[in-house]
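# Observations on the three-dimensional arrangement
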Amino acid sequence: MEQQILPAYLKETANLSTETFGSGLINTTWKVTDKNRSYILQRINQDVFKHPEWIASNLRQIASYLKVHHPDYLFVEPFKTLDNQDLAISKEAGYFRLLPFIKDSHSIDVVTEPSQAYEAAKQFGRFTALLEGMKLDELHTTIADFHNLTLRFRQFEEAIATGIPDRIQKARPEIDYLKKKSEIVTIYQDICNNPYFHLRVTHHDTKISNVLLDASNKGLCVIDLDTVMAGYFISDVGDMLRTYLSPASEEETDLEKIRIRTDIFEAIVKGYLSEMNAILSADEKKAFIYAGKFMIYMQAIRFLSDYLNGDTYYGARYAEHNLQRTRNQIRLLQELEAKEPELTKILNRYIFHQDQTPSI
């Protein structure tokens, strides 16, 4: 299939080799290599991204802005097709794009040390900071309501009302706990109505594998930009806190392994604020730790809603997979809240060091 697409981009394809590449679960990705250089070919998942052309438009607008305002930034811009189109389209296989493979770069899947968290947080902060002057109306919303916690909570309530009765009964302790934590939703709604919280160009998928590192493990740039659109900083910071802080992933069933690594938290704070401290408002800085609660809670109610509805969205490898994922996220939320006084002291230290305006 991928061999049939390459002639849309490259005049010479006879000596190209292809192999599946990366750990991403949404788009299908190949590394394409010839004697002189390598490329990344991706097929866009239309079940997730209903309008691939909107993604292409966003990347084109961002690339144009960066070329004018920050030409030294490494932006991995897709190639045009030979007939000057943003995407190659196959009636049978869908939408494809070709990108340069950055030589001597790599990514990682798991945060094992603070320096990795620092480099990633710095790169995600830098990306938003460099695009601070971009007009948000130039960007399409590639996934509607992607991080809309109000909507996710309403879907959670609907699942409780209409879900599978046996599953509702089995998950009653988790349902009751998450309903009691609904003040997290109220705070989100307050944020949406707070004029000191600003919509910005936000990545929305800040897992560690979406940062390119050089041979010395220094950050180069962010990648996988399909979810870049207008959003609040809590989406990016929250996703980093959710996925970097614990050494155990959301798939871990031994809840004793879930803990908050304060050195990783400090690295995220240091890296992100090195780029964003002068940009964030005082109210936004107050919400730095809340961002983690926001993303963990949202993922917990999404996993539980899917469990109650019969595993129709995330799927399941075993009968209680999404219920176990829910328990995992509840434990992570509890651990974060238990550490909050210590984390607040760390956060204050970096805020006051870089910006003497009190904000916590």
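From a predicted model like this one, the values you see are computed outputs, not experimental measurements.

## Focus on the overall build of the protein
- Secondary structure summary: the protein contains twelve helices and nine strands in total.
- On C-alpha atoms alone, the protein measures out to a radius of gyration of 21 Å, which is about the 21 Å that the 2.2 N^0.38 rule sets for 360 residues.
- Each of the three principal axes of the protein carries a C-alpha extent, and together these read 60 × 55 × 35 Å.
- For the protein, the exposed area adds up to about 17100 Å²; of that, 48% sits on carbon and sulfur atoms.
- Positive and negative side-chain charges of the protein, numbering 42 and 50 respectively, have mean locations separated by a distance of 1 Å.

## What to know about the packing of aromatic side chains
- Per the counting criterion, the structure on display carries eleven aromatic pairs.
- Pairing Tyr39 with Phe79 gives two aromatic rings, centres 5.9 Å apart and planes at 65°, and the pair type is edge-to-face. Within this pair, whereas Tyr39 is found in strand β3 (residues 38–43), its partner Phe79 is found in the loop between α2 (52–69) and β4 (88–90), the two being separated by 40 residues in sequence.
- Exposure remark for Phe79: the relative accessible area of 27% places this residue in the partly exposed category.
- Aromatic side chains Phe233 and Phe288 sit 6.4 Å apart centroid to centroid with 45° between the ring planes, which places their arrangement in the tilted category. With Phe233 in helix α8 (residues 233–244) and Phe288 in helix α11 (residues 288–309), this residue pair connects regions lying 55 residues apart in the sequence.
- Under the relative-accessibility criterion, Phe233 is labelled buried at 3%.
- Taking relative accessible area as the criterion, Phe288 reaches 1% and is therefore assigned buried.
- Through a chain of ring-to-ring contacts, three or more aromatic side chains come together here, namely Phe233, Phe265, Tyr272 and Phe288.
- The lysine or arginine in question, Lys31, covers the ring of Phe101, its NZ or CZ lying 4.1 Å from the ring centre.
- Stacked on the ring of Tyr118, the Lys or Arg Lys270 has its end atom at 5.8 Å from the ring centre.

## Description of the pattern of salt bridges
- Taken as a whole and assessed by the stated rule, the structure comprises 24 salt bridges.
- Between Glu250 and Arg242 there is a salt bridge, with its nearest N and O atoms 2.8 Å apart.
- With relative accessibility at 26%, the residue Glu250 sits in the partly exposed group.
- The partner of Arg331 in a salt bridge is Glu256, and the shortest N-O contact between them spans 3.7 Å. Highlighted residues: Arg331 in helix α12 (residues 321–354) and Glu256 in the loop between α8 and α9 (262–276), separated in sequence by 75 residues.
- Taking relative accessible area as the criterion, Arg331 reaches 19% and is therefore assigned buried.
- In this structure, a network of salt bridges that share partners links the residues Arg60, Lys80 and Asp86.

## Observations concerning the packing of helix α7 (residues 183–192) against α11
- Look at α7 against α11: their axes get within 10 Å of each other, and the N-to-C directions meet at 120°. As for how α7 packs across α11, the hand of that crossing is left-handed. Judged by residue contacts, Ile184, Val185, Ile187, Tyr188 and Ile191 of α7 engage Tyr290, Lys293, Phe294 and Tyr297 from α11.
- Looking at the contact of α7 with α11 residue by residue, the class counts come to eight nonpolar, no polar and one charged.

## Some details on α7
- Listed as buried for α7 are Ile184, Val185, Tyr188 and Ile191. Burial along α7 is one-sided: seen end-on, the buried residues are contained in an arc of 115°.

## Focus on the pairing of strand β2 (residues 28–33)
- Examined bridge by bridge, strand β1 (residues 17–20) and β2 share four bridges and lie antiparallel to one another. Paired with Thr18 across the two strands is Val32, which belongs to β2.
- Pairing of β2 with β3, which is carried by six bridges, proceeds in the antiparallel orientation. Within the sheet, the bridge partner assigned to Val32 lies in β3 and is Tyr39.
- Two successive antiparallel strands, β2 and β3, enclose a turn made up of four residues.

## Section: the environment of Lys285
- Its location among the elements puts Lys285 in helix α10 (residues 282–286).
- Separated by twelve residues in the primary sequence, Lys285 and Leu273 place their C-alpha atoms 9.4 Å from one another.

## Here's the deal with the side chain of Glu284
- Residue position: Glu284 is located in helix α10.
- According to the relative accessible area criterion, Glu284 is buried, its value standing at 0%.
- Apart from the residues within four sequence positions on either side, Glu284 is in contact with Tyr196, Phe197, His198, Arg200, Phe233 and Ile279.

## Here's the deal with the sheet that holds β3
- As summarised here, the arrangement of the five strands in space is β1-β2-β3-β5-β4, forming an open sheet in which the pairing is antiparallel. The open sheet has two edge strands with one neighbour each: β1 and β4. Strand-to-strand twist across the sheet, computed as the mean angle between neighbouring axes with direction ignored, equals 25°.

Parameters and conventions
- Residues numbered from 1 in each chain as written.
- Predicted model: local features only at pLDDT ≥ 70, side-chain atom pairs only at ≥ 80, totals over all residues.
- Heavy atoms only, no water.
- Helix = DSSP H or I, 4+ residues; strand = E, 2+ residues; numbered from the N terminus.
- Rg over C-alpha atoms; globule rule 2.2 N^0.38 Å.
- Areas by Shrake-Rupley, 256 points an atom, 1.4 Å probe, with all protein chains shown as cover.
- Lys, Arg positive; Asp, Glu negative; His and termini not counted.
- Charge placed at Lys NZ, Arg CZ, Asp CG, Glu CD.
- Phe/Tyr/Trp six-rings, centres within 6.5 Å; stacked < 30°, edge-to-face > 60°.
- Buried < 20%, exposed > 50% of the residue type's maximum accessible area, 1.4 Å probe, protein only.
- Lys NZ or Arg CZ within 6 Å of the ring centre and 35° of its normal.
- Salt bridge = Lys/Arg side-chain N within 4 Å of Asp/Glu carboxyl O.
- Axes fitted to C-alpha atoms, helices over the stretch in contact; angles between N-to-C directions.
- Left-handed = near helix turned anticlockwise from the far one by under 90°.
- Contact = heavy atoms within 4.5 Å.
- Nonpolar A, V, L, I, M, F, W, Y, C, P; charged D, E, K, R; others polar.
- Arc of directions from axis to C-beta.
- Pairing = 2+ DSSP bridges.

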